[in-house]
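Coordinate analysis (summary)
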Amino acid sequence: MKFVYEFAEGNKDLADLLGGKGANLAEMTNLGLPVPAGFTITTQACKQYLASGVRPAGLDDEIGAHLSTLEEAMGRRLGDPHDPLLVSVRSGAAISMPGMMETVLNVGLGDASVAGLAAQAGGDERFAWDSYRRLIQMFGKTVCDVPGEEFEDALDAAKAAKGVRDDVDLDAADLRELVGAFQAVFAKHTGHEFPQDPREQLDLAVEAVFRSWNAKRAVLYRRQERIPEDLGTAVSVVAMVFGNLGADSGTGVAFTRDPGTGEPGIYGDYLANAQGEDVVAGIRNTVPLEDLERLDPDSYAELLRIMATLEGHYRDLCDIEFTIERGKLWMLQTRVGKRTAAAAFTIAAHLVDEEMIDMDEAVRRVTGAQLAQLMFPRFDLSDEPQPVTRAVGASPGAASGEVVFTAEHAVQRAEAGHRVILVRRETNPDDLPGMIAARGILTSRGGKTSHAAVVARGMGKTCVCGADEITVGEREFTVAGHTIAEGDVISVDGTTGRVYLGEVPVRDSEVVQYFEGDLDPANANDPLVSAVHRIMTHADERRRLLVRTNADTAADAARARRFGAQGIGLCRTEHMFLGDRRELVEKLILATTDADRQAALAALQPLQRDDFLALLREMNGLPVTVRLIDPPLHEFLPALEDLAVHVAVARERGERATRQEQMLAAVRRMHEQNPMLGLRGVRLGLVVPGLFAMQVRAIAEAAVALAAEGGTPRPEIMVPLVGAVQELETVRAEAEKILAEVVGDSGVPVLIGTMIEVPRAALTAGQIAEAAEFFSFGTNDLTQMGWGFSRDDVEGAFFWRYLELGIFGISPFESLDRDGVGRMVRIASDEGRAARPDLKLGVCGEHGGDPDSVHFFHEAGLDYVSCSPFRVPVARLEAGRAAV
Ligand code: ADP
Ligand code: MG
Ligand code: MG
């Protein structure tokens, strides 16, 4: 197996093997862009190393051969005392995990070669010693697990001894002493000296990068981002170029468009006289990239040319890392850049206008998850709250919450049910758990490309960064004369970068206003709304799946219709039995005679009819699927414990509580060990005489009433929890009688169908289809019964462990389990359609609004998905994406 590729041997499509970084370095090399020479060790090598714990056989020789080629190209040998070649050893997985893994710079340097490096740099000893101390620090932390604070303490001590604040104020002699101190720290923690053999440094650094795949924060990030555990990282070995050689050198990051809004322009940060991570870490404040035009016009012009080349080549927003060494520009990284949800839509629409992509591709370039983010609420500023400071809006959204200052506190408070805003000077990968737990993030340092900004954008979390007017302490921060202590509430606006004291109310986002019909998509001042409109329109044209909504009230139905719903896929009737109707339901349950029961049902019937009429009216002309009552009846009665206490107290006082006692007896009678598998759904309809009949009659009467008003009712009666065709046949026979009586030959079509949510129903779908005009997959119960997972119990109890072990990558209640539950869906669809070719197929579980599941339902040939009103646009978009 070949483990090492020259940059010239790779290309951008080899990311699985070379990692994103290695593949794109190869692509840039082959585009003729100025990339330092280097090679990439494959993810295969990493996987073998992680499995066995040793470098795979043959790897060392291959690295040796490629190192020789590199040395020849550079005209220098690794660590040569007189004229050393130094390299960086860089992590890079197929899917970008910014800052999660390790990179070691300046590898190859040792006691013997510091002088040689200084000579190379024109006698710059300060630079050479600074490079060396960075190597010991990075190598110590990354390769040998030396605690980073120890190095930082030594650095602080050196600055204090000299009475200076900045690293740059230390001179060559100071840094030389610091190297001694760092070497002592290294030896104390590892029990051996800092390795002087350059090749040994290289090999150990490569192993450390391999291992960083399993670093805690990397594992957490992958879980959060649903990146598979088994990809492994590639390792790129790149000849060092130096941005820390004086004022004519520097390092920066750039985006070819604004990753926040998607607007074209020059976006980036630059830091003169700095190396690598200095920019991203927010250690010193950077200058905007435009300033480079003044500092180094030639490099700036070349950078713009390269950015245009990359955009044209990748046909997308690219982000870039570059370094200028004494006026010479070097490209160190590029990739298709992360962006906010808004930018994703705007960029896709712009690229269509620039004729780089077509509308199908634009639909592919955005996701339902991004659209969902754009539907988050915004701050309502009509009371004109005054921001206490303004900074960089790094990741949009509106978040209010209590201030916390450490990731640990963020996690603790969030677990206790509080909304928190994490406030830090800057974040680093160790803050990840806190960033996940927080509603929003506020930092005092760093720009759009800082760790906080990049990670928050990736997570879709509100973030404001670079708020340099605030001073962050241990348990409080100060700004403009205010002191904000831990626990005080602030509000951060990640779109505008504004920070407010106290809680600011929220309102609908622009995109929601557009879906509501309150914003004109033709308004050119609103590029985002226009982009969303164009992309949604195209998705609607392309999709085959219809999108319905789950709605129980006319208000929900109306909103869903504005959001584009093409009918109701699930109306749950249970809520219609609550509130002030509870008493009627209690009467029904407690009835001991037929007459009592009939009286209770007769009282419920007109109420139900009015409910259905309102829904049918709202969905005039579109199908409305009404599910007959599903949950066990005792859910409508008070809890057993409460009743028992009540009755006991009454008895104690010598009072009579006949009604309560009756009810207690009924609850005891109906008590089930496992109610989810008990007397519910169709079973209830078969056992409680008249219950389903009452509902069917109410639906039929509502339909007839709407037709009489001149409307077009399209009701569909859905029987829940069917497992055998005989159950459905029994309900159907009774329902048909009622329909014949109420609807007669008025011409109003009323379909009768069933949910497929019991595994047996899926496996006998051919028989069941004989009695059903439609199937609607209840994938919540189908998952619950298919896996044998009690939905209300297992998620909190042990799913974390299953996720940790990789038994599944995501809860099967969140995203459909294609292999198991999905297979039942396919079997039932195929066998159902074989028995009845015009059988309508839909899905009404939570999965109907989950992007990945929507793609599955498209592939499985369903007719529609149904989801909550707010997910309707998401399902429309994903159904379109599944079709292009
Ligand atoms: P990450 O994936 O965390 O960005 P990188 O491997 O890109 O890690 O490297 C960290 C920093 O070091 C980046 O700023 C990068 O530009 C810089 N860097 C990496 N290799 C070199 C090199 N050969 N010469 C100069 N700077 C480098
Ligand atoms: Mg990088
Ligand atoms: Mg169900």
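What you are looking at is a predicted structure, and each value in this text was computed from that prediction instead of being measured.

**Things to note about the coordination of the magnesium ion (ligand 2)**
Within the protein, the atoms that donate to the magnesium ion (ligand 2) are Glu321 (OE), Glu321 (OE) and Gln333 (OE1), at distances of 2.0 to 2.8 Å. Residue Glu321 is located in strand 11 (residues 318–325), and its partner Gln333 is located in strand 12 (residues 328–336); the two are separated by 12 residues in the primary sequence.

**A closer look at helix 24 (residues 640–652)**
Between the first and last C-alpha of helix 24 there are 18 Å, a value that for 13 residues agrees with the 18 Å anticipated at 1.5 Å per step. Leu643, Val647 and Ala650 are the residues of helix 24 that are buried. One side of helix 24 holds all its buried residues, which, seen down the axis, span an arc of 60°. Pointing more than 90 degrees away from the buried face of helix 24 are the exposed residues Glu641, Asp642, Val645 and Glu652. Contact partners of the buried residues in helix 24: helix 25 (658–670). The first or second residue beyond helix 24 is Gly654, which carries a positive phi of 75°.

**Overview of the sheet that holds strand 6 (residues 103–107)**
The sheet built from five strands is open, its strands ordered 1-2-7-5-6 with antiparallel pairing. The open sheet has two edge strands, strand 1 (4–6) and strand 6, and neither has a second partner. For this sheet, the mean inter-axis angle between neighbouring strands, taken without regard to orientation, is 20°. Of the pairings in the sheet, the one linking strand 5 (residues 87–93) to strand 6 comprises three bridges and is antiparallel in character. Paired with Val89 across the two strands is Val104, which belongs to strand 6.

**Re the coordination of the magnesium ion (ligand 3)**
Ligation of the magnesium ion (ligand 3) by protein atoms is provided by Glu757 (OE) and Asp781 (OD), these donors lying 2.1 Å from the ion. With a gap of 24 residues between them, Glu757 in the loop between strand 30 (751–756) and helix 29 (759–763) and Asp781 in helix 31 (residues 779–787) connect regions that are remote in the sequence. With a relative accessible area of 1%, Glu757 lands in the buried category.

**A look at the environment of Val547**
Mapped onto the fold, Val547 is located in strand 26 (residues 546–550). A residue is classified by how much of its surface remains accessible, and Val547, at 0% relative accessible area, is buried. For the pair Val547 and Asn11, spaced 536 residues apart in the sequence, the C-alpha separation amounts to 40 Å. Among all residues touching Val547, those that are not within four sequence positions of it are Gly564, Ala565, Gln566, Gly567, Val865, Cys867, Val872, Ala875 and Arg876.

Cut-offs and rules
Each residue is numbered by its place in its chain's sequence as written, counting from 1. Chains and ligands are labelled sequentially in the order written, the chains with letters from A and the ligands with numbers from 1. For a predicted model such as this one, the threshold for reporting local features is a pLDDT of at least 70, and the threshold for listing and counting side-chain atom pairs is 80 or more; totals across whole chains, interfaces and linings nevertheless cover every residue. With hydrogens and water excluded, all non-hydrogen atoms of the structure serve as input to the side-chain values. Donor atoms (N, O, S) are those found within 2.8 Å of the metal centre, with the cutoff raised to 3.2 Å for Na, K and Ca; water is not part of the atom list, so apparent gaps in a site can occur. We count a stretch as a helix when DSSP gives it H or I for four or more residues in a row; a strand needs E for two or more, and each element gets its number in order from the N terminus. Expected helix span is taken as 1.5 Å per residue step, with the number of steps being one fewer than the number of residues. A simple rule labels every residue: compare its accessible area, found with a 1.4 Å probe on the protein chains alone, to the largest value its type can have, and call it buried under 20%, exposed over 50%, or partly exposed in between. Of all possible arcs, the one meant is that of the directions from the helix axis to the C-beta atoms. Every residue pair with non-hydrogen atoms within 4.5 Å of one another is taken to be in contact. Following DSSP output, two strands are said to pair if at least two bridges run between them. Think of each axis as a best-fit line through the C-alpha atoms, taken over the contacting stretch in the case of a helix, with angles from 0 to 180 degrees between the N-to-C directions.

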